[in-house]
Amino acid sequence: MEGSIVIDATSAREPDDAAPDAAGRVGPSVARLTPLGVAVLALLSEGDMHPYEMIRLMHLRRDDRLVTITNGTVYHTVARLERAGLIAEVGVDREGRRPERTTYTQTDAGAAAVLEWVRRELPRVDHPVEFRVALAEAHGLDREDVLALLDARRTALADAHASLVEGHRHALGKGVPAQYLLEIAREEALLQAELAWMDATLPRIADPDFAWGPDATPSERYLAQRKAARQ
């Protein structure tokens, strides 16, 4: 994954959960997986890494422009994901006087958990932070699945916008001063803007010429980021 990931600092801790069961049912580890946990799992889908490299890579990608990424929250999340069976230790290295660095890999359960989490969050309109993370990781799903999930989200957004417009109109008709309705007016404008974005984006994704899925050949920029993060 070469793009940025948005991480929710307020829900940075991973709960202790079991991985999805053998029957493929979604377990607590998926239902309660946080955006930071998804970010870590998504990084490991690019290859095995140690937590320091994860932190460096997230900073290089400017994921910290929205939230603070700390060593403590990342290491804590890594430990929780390992206990849940979503990642696994693959080795311990030491270079010179540097402290030991434990390298982790994404398990099959971890890969499945990310995709299931994205499917769950992509159509929702009540989890804005989670939606942004899901959108960043949507390329891991089939194009048709993403279109269907985003179309469901668009329908929910349109319903919410229509309800808000009607409530706003009703309040003004009752004589409520506009100064008390500024937040509603802002939310109405934001919903309208997102609907416009959806209407422009869905056809782009549906276009067969719009590249979708993992890149077969990593770009020079991506390779340079990975190299810098390892240092």
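Note that the coordinates shown come from a computational prediction; the quantities given were computed from them, not determined experimentally.

Each helix and strand in the protein chain was counted, giving 9 helices and 2 strands. The order of helices and strands in the protein chain, counted from the N terminus, is α-α-α-α-β-β-α-α-α-α-α. Within the protein chain, the proportion of its 231 residues that are buried is 37%. Relative to all contacts within the protein chain whose residues are 6 or more apart in sequence, the contacts with residues 24 or more apart total 64%. Accessible area for the protein chain stands at about 12600 Å²; split by element, carbon and sulfur atoms hold 53% of it.

In this model, the second largest pocket occupies a volume close to 170 Å³. As for the second largest pocket, its lining consists of Asp48, Met49, His50, Glu53, Asp93, Arg94, Glu95, Arg98, Pro99, Arg101, Thr103 and Arg230. A class-by-class count of the residues in the lining of the second largest pocket yields 2 nonpolar, 2 polar and 8 charged.

Another aspect to go through is the side chain of His161. Residue placement: His161 occurs in helix H7 (residues 143–173). The exposure class assigned to His161 is buried, which follows from its relative accessible area of 15%.

Moving on, we come to helix H3 (residues 51–60). Two residues of an α-helix separated by three or four positions point the same way, owing to the 3.6 residues in each turn. Along H3, the positions that sit buried rather than exposed are Pro51, Glu53, Met54, Ile55, Leu57 and Met58. On its buried side, H3 packs onto helix H2 (35–44), helix H4 (71–83), strand S2 (101–106) and helix H9 (220–230). In the stretch just after H3, Arg62 is the one whose phi turns positive, near 60 degrees.

As a further point, take the packing of H2 against helix H5 (residues 108–121). The packing of two helices is summarised by the inter-axis angle and the distance between the axes. Two elements in contact, H2 and H5, have axes whose closest approach is 10 Å; the angle formed by their N-to-C orientations is 130 degrees. By the angle class used here, H2 and H5 are oblique. The handedness of the crossing between H2 and H5 is left-handed. On H5, the residues that touch Pro35, Val38 and Leu41 of H2 are Gly110, Val114 and Trp117. Each residue belonging to the contact of H2 with H5 can be placed in one class, and the counts come to 5 nonpolar, 1 polar and no charged.

Let us look at helix H6 (residues 128–136). Here H6 has its buried residues at Glu130, Phe131, Val133 and Ala134. For H6, the angular spread of buried residues about the axis comes to 165 degrees, placing them on one side. For H6, the elements touching its buried residues are H2, H5, H7 and helix H8 (182–206).

Looking now at the nonpolar core. Of all hydrophobic cores here, the largest spans 41 residues; its most connected members are Leu33, Trp117, Leu122 and Leu150. Secondary structure elements with two or more residues in this core: H2, H3, H4, H5, H6, H7 and H8. A per-element tally of this core places H2 first, with 6 residues. Sequence-distant contacts of Leu150, defined by excluding residues within four places in its chain, comprise Leu122, Phe131, Leu135, Met198, Leu202 and Ile205.

With the rule as written, the count across this model stands at 1 aromatic pair. Seen from their ring centres, Phe210 and Trp212 are 6.4 Å apart, and the 35 degrees between their planes marks the pair as tilted. Assessed through its relative accessible area of 26%, Phe210 is described here as partly exposed. For Arg153, the ring lying beneath its charged end belongs to Phe131, and the centroid distance is 3.5 Å.

About the thresholds
Residues numbered from 1 in each chain as written. Predicted model: local features only at pLDDT ≥ 70, side-chain atom pairs only at ≥ 80, totals over all residues. Heavy atoms only, no water. Helix = DSSP H or I, 4+ residues; strand = E, 2+ residues; numbered from the N terminus. Buried < 20%, exposed > 50% of the residue type's maximum accessible area, 1.4 Å probe, protein only. Contact = heavy atoms within 4.5 Å. Areas by Shrake-Rupley, 256 points an atom, 1.4 Å probe, with all protein chains shown as cover. 1 Å grid on protein atoms, 1.4 Å probe; cavity = no way out; pocket = protein on both sides within 12 Å on 5 of 7 lines; lining within 4 Å. Points joined across faces, edges and corners; volume = space filled by probe spheres on them. Nonpolar A, V, L, I, M, F, W, Y, C, P; charged D, E, K, R; others polar. Axes fitted to C-alpha atoms, helices over the stretch in contact; angles between N-to-C directions. Parallel < 35°, antiparallel > 145°, perpendicular 65-115°, else oblique. Left-handed = near helix turned anticlockwise from the far one by under 90°. Arc of directions from axis to C-beta. Core = buried A, V, L, I, M, F, W, Y, C linked by side-chain atoms within 4.5 Å. Phe/Tyr/Trp six-rings, centres within 6.5 Å; stacked < 30°, edge-to-face > 60°. Lys NZ or Arg CZ within 6 Å of the ring centre and 35° of its normal.

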